Amino acid sequence: EAQNILVFGCRKSSMDFYYEKEWEEMKAKGGLRVLSAFSQDQNHKLYVQKVLREADEGTLIARHILENNGCIYIAGGAKMARAVKDEIVECLGKILPTGEKGAKALLQKLQRAGKFSVEAWS
């Protein structure tokens, strides 16, 4: 199983999937798992937070953080970044005994350790 997970989203795959070839090569070598969301490629918009929510029956992000000691880096628009962070909190909140409060505390701890970072712009 790949150690690195990239959840990539943009409007159209035909116009915005700049590094598709490189990422597919890394994927083929087993070094990267790519999950993509293109909001304008289908009738119903598909966003990265939905891809995260549904990946591995909703366990991907929690397993990545809790079992694999993984890092999370979010980059993009402020609205998307907020929605992805909220999705991570909700996912962790379902698993942690301290719920969403504990999930937020965990993300703060990860941030202090350099394992959670958000770079967002509007």
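Please refer to the structure placed before this passage.
1. Concerning the layout of surface pockets
- In this structure, the largest pocket spans a volume of roughly 1,000 Å³.
- Lining the largest pocket we find 35 residues, and of these Val7, Val48, Ile74, Ala75 and Met80 sit closest to its centre.
- Where the lining of the largest pocket is concerned, the elements lending two or more residues are strand S1 (5–10), helix H3 (48–54), helix H4 (60–66), strand S3 (72–77) and helix H5 (78–95).
- Among the residues forming the lining of the largest pocket, the class breakdown is 23 nonpolar, ten polar and two charged.

2. Quick notes on the packing of aromatic side chains
- Taken as a whole and assessed by the stated rule, the structure comprises six aromatic pairs.
- On the numbers, 5.9 Å between centres and 55 degrees between planes, the contact of Phe17 with Trp23 is tilted. Both residues of the pair, Phe17 and Trp23, count as buried.
- Site record: aromatic cluster; members linked through ring pairs are Phe8, Phe17, Tyr19, Trp23 and Phe38.

3. A short note on the nonpolar core
- Of all hydrophobic cores here, the largest spans 24 residues; its most connected members are Ile65, Ile88 and Leu92.
- Listed by contribution, the elements that provide at least two residues to this core are strand S2 (33–38), H3, H4, S3, H5 and helix H6 (99–112).
- With six residues, the next largest nonpolar core counts Phe17, Trp23, Leu32 and Phe38 among its residues.

4. Topic: the packing of H5 against H6
- The N-to-C vectors of H5 and H6 enclose an angle of 120 degrees; their axes lie 7 Å apart at closest approach. Compared by their axis directions, H5 and H6 come out oblique. Here H5 runs over H6; the crossing is right-handed. Residues Lys85, Ile88, Val89, Glu90, Leu92 and Gly93 of H5 touch H6, and the partners they reach there are Gly99, Glu100, Ala103, Lys104, Leu106 and Leu107.
- Residue composition of the contact of H5 with H6, grouped by class: six nonpolar, two polar and four charged.

Reading the values: the criteria
Residues numbered from 1 in each chain as written. Predicted model: local features only at pLDDT ≥ 70, side-chain atom pairs only at ≥ 80, totals over all residues. Heavy atoms only, no water. 1 Å grid on protein atoms, 1.4 Å probe; cavity = no way out; pocket = protein on both sides within 12 Å on 5 of 7 lines; lining within 4 Å. Points joined across faces, edges and corners; volume = space filled by probe spheres on them. Helix = DSSP H or I, 4+ residues; strand = E, 2+ residues; numbered from the N terminus. Nonpolar A, V, L, I, M, F, W, Y, C, P; charged D, E, K, R; others polar. Phe/Tyr/Trp six-rings, centres within 6.5 Å; stacked < 30°, edge-to-face > 60°. Buried < 20%, exposed > 50% of the residue type's maximum accessible area, 1.4 Å probe, protein only. Core = buried A, V, L, I, M, F, W, Y, C linked by side-chain atoms within 4.5 Å. Axes fitted to C-alpha atoms, helices over the stretch in contact; angles between N-to-C directions. Parallel < 35°, antiparallel > 145°, perpendicular 65-115°, else oblique. Left-handed = near helix turned anticlockwise from the far one by under 90°. Contact = heavy atoms within 4.5 Å.

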